[in-house]
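Architecture at a glance
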Amino acid sequence: MRAVRRGVSGLPGKGLLAAGLLGGLLFLQTGSMAAAVARPAKMDPAASGTAKKVHIYFSETTLKNGLRVQLAEDHGAPVIALNIAYDVGSRNERKGLTGFAHLFEHLMFKGSKNVGDGEHFYQIFSNGGSMNGTTGADITLYFATLPANQLELALFLEADRMRSLDLTQEKLDNQRHAVQEERRLRVDNQPYGRADEYFGELFYDNFAYKHSTIGSMEDLNAASLEDAADFFQTYYAPNNGVLSLVGDFDSTQALKLIRKYFESIPRQPAPPAVELKEPLQTAERRDTVTDPLARLTQIQIAYKLPAGNTADLPALQVLSSILQGGQSSRLYQSLNKDRELVVDIGGFVDERIGPGGLYIGATLRPDSKPADVESAIYTQIDLLMKAPVAAWELQKAKNTTRLVFLQSIRSVQARATLLGSYTVKFGDPDLINTRLDQFDTVTDDDVQRVARRYLQARNRTVVVTSPIPAGGSAAAALEQPGA
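No experiment lies behind these values; they were computed from the predicted model shown.

**Some thoughts on the pattern of salt bridges**
Pairing is possible between side chains of opposite charge, provided their charged atoms come close. Summed over the entire model, instances satisfying the criterion amount to 27 salt bridges. The closest approach of N and O atoms between Asp440 and Arg402, which form a salt bridge, is 3.1 Å. Residue Asp440 is located in helix 16 (residues 431-440), and its partner Arg402 is located in helix 14 (residues 391-408); the two are separated by 38 residues in the primary sequence. A relative accessible area of 36% places Asp440 in the partly exposed class. We classify Arg402 as buried; its relative accessible area is 18%. Counted as one network, the salt bridges with shared partners bring together Glu284, Arg286, Glu374 and Arg460.

**Topic: the sheet that holds strand 14 (residues 460-467)**
Read from one edge to the other, the open sheet built from 5 strands follows the order 10-14-11-13-12, with strand pairing classed as mixed. What marks the edges here is a single partner per strand, and that holds for strand 10 (285-291) and strand 12 (342-350). With strand direction ignored, the average angle separating the axes of adjacent strands in the sheet is 15°. Relative to strand 14, strand 10 runs parallel, the two being bridged by 7 bridges. The residue of strand 14 that forms the bridge with Asp291 is Pro467. On the sheet, helix 6 (residues 193-203) packs against strand 10, strand 11 (298-307), strand 13 (355-364) and strand 14 and is oriented at approximately 160° with respect to strand 14. Against the sheet, helix 11 (residues 313-324) engages strand 11, strand 12 and strand 13, with an angle of about 175° to strand 12.

**Structural notes on helix 15 (residues 412-426)**
One turn of the α-helix equals 3.6 residues, which is why residues spaced by three or four share an orientation. In a regular helix each residue adds 1.5 Å, so 15 residues correspond to 21 Å; helix 15 covers 21 Å between its end C-alpha atoms and thus fits that length. Within helix 15, 13 of the 15 residues are buried, which leaves it mostly tucked inside the rest of the structure.

**Remarks on the nonpolar core**
One finds Ile360 and Ile377 to be the most contacted residues of the largest nonpolar core, which totals 59 residues. When sequence neighbours within four positions are dropped, the list of residues in contact with Ile377 reads Ile301, Leu331, Leu335, Ile345 and Ile360. By size, the runner-up hydrophobic cluster in this structure holds 53 residues, among which are Met162, Leu165, Ala228 and Leu243.

**Things to note about the pairing of strand 9 (residues 241-247)**
The element strand 9 is largely enclosed, with a buried count of 7 among its 7 residues. Where burial is concerned, the two faces of strand 9 agree: the one with Gly241, Leu243, Leu245 and Gly247 and the one with Val242, Ser244 and Val246 are both buried. Of the pairings in the sheet, the one linking strand 5 (residues 68-73) to strand 9 comprises 6 bridges and is parallel in character. Within strand 9, the position partnered with Ala72 by the bridge is Val246. Sheet analysis places strand 6 (residues 79-86) next to strand 9, joined by 7 bridges and oriented antiparallel. Counted as the bridge partner of Ala81 is Val246 from strand 9.

**Section: the packing of aromatic side chains**
Evaluated as defined, the whole model comprises 21 aromatic pairs. Here Phe100 and Phe104 contribute two aromatic rings whose centre-to-centre distance is 6.5 Å and whose plane-to-plane angle is 35°, an arrangement assigned as tilted. Residue Phe100 and its partner Phe104 are both found in helix 2 (residues 100-107); the two are separated by 4 residues, about one turn of the helix. Of the two residues examined, Phe100 and Phe104, each falls in the buried class. Judged by centre distance (5.2 Å) and plane angle (15°), the rings of Phe348 and Tyr359 are stacked. Linking Phe348 in strand 12 with Tyr359 in strand 13, this pair joins segments that are 11 residues apart in sequence. Three or more aromatic residues joined by ring pairs make a cluster, and in this case those are Tyr86, Phe100, Phe104, Phe109, Phe121, Phe125, Tyr142, Phe231, Phe232, Tyr235 and Tyr236. In this structure, Lys304 packs its charged tip against the face of Phe203, placed 4.8 Å from the ring centre. In this arrangement the basic side chain of Arg352 is found over the ring face of Tyr209, its NZ or CZ atom lying 4.5 Å from the centre.

The rules behind the values
Residues numbered from 1 in each chain as written. Predicted model: local features only at pLDDT ≥ 70, side-chain atom pairs only at ≥ 80, totals over all residues. Heavy atoms only, no water. Salt bridge = Lys/Arg side-chain N within 4 Å of Asp/Glu carboxyl O. Helix = DSSP H or I, 4+ residues; strand = E, 2+ residues; numbered from the N terminus. Buried < 20%, exposed > 50% of the residue type's maximum accessible area, 1.4 Å probe, protein only. Pairing = 2+ DSSP bridges. Axes fitted to C-alpha atoms, helices over the stretch in contact; angles between N-to-C directions. Contact = heavy atoms within 4.5 Å. Expected span 1.5 Å × (residues − 1). Core = buried A, V, L, I, M, F, W, Y, C linked by side-chain atoms within 4.5 Å. Phe/Tyr/Trp six-rings, centres within 6.5 Å; stacked < 30°, edge-to-face > 60°. Lys NZ or Arg CZ within 6 Å of the ring centre and 35° of its normal.

Given below as structure tokens:
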């Protein structure tokens, strides 16, 4: 069970897609819910000779209780992937209860009316499957992959805990301690962990995104059994979730089973809306912190971006690929290869329901000065603003984006996760079919325009994290970020 603080990098970094990958992917048409016919991915005639167009065929049904169901058959292997996406994340937490969404994710594995504590794991693993859950700022996901003949088991387990989660004080205390240990492992005792958490607090003004998903020790201690019951009632209702099923099944039969296990679970009132807007940033935000666990200086930079799935996001993704997408990117070539200022450098676009960010992170060589590294980064950004991107470089970035996306939908589990995530975050599961088209239309003018609009100093947040100097005092070692 992982706590996710930020989005995943959209950069590939390694590997090449085999030339026959697209032709090797088989998807099924399920739109009529009739018997599906397997067929290879379609090829767009307009793109003939350049790239094949891949389309994921899926059907969508809403049950009487509001649960949205998405089915996508793929008979390429005898497996099924089930994903339940709940429209809840750390953005829904209130002050004094940070970390609760992730804590609750842990409680979902502690048993329900007909499933014992720990039995969910046992049933999945002993039947040859894999499973997990993850919580982020915007969404909480539960996912499992099983042999196709275990579809009913997967549906039963998910429905039973959606209907009748067994919450007790003993289980809450047990998982509270587990999450606190996870915080020590992933944040408090990790180099740059606390600086990374502090960066989010400096970057955002709105509490919804300002606090970390893992939460604070104090708030985790404050969580009560009543809080857990209220959270379950409010957010883990069928009308606040999306069930996505991908793999080797018959859609008609699968939908019958889904109705059998899920449709009688009562609908609940809609959860309260969360305001995610940020006030306009008018000046650079900057801080310097020390980290007793760090061995090299690190610079984190981020520029505020608009909400996800809006018009400028494709151009910003392409810009990010040009600037920091792997070892052939401008920043890596300039700062690592040519000037030898950094050990590593890279970044990503964090696309959220609300405002996101374009992040850049650099780890400095021991003899490099932070000011020189920052200056070199801003020089490359200025070039993006002033000079058009060459045609070959723009095409490379688009190819990279295409490669990453196609790699991300190869597995049935990844497709189930994307369908549910796009639905919860942007209300549009068909983004799984239209994302690549958005990137293909980006021009060099678009890249230059979004660079000028968003990569301004006044829209920037910078945190420089330094190791404790040699001979540093114990007091320095205890210094807290932002103190």
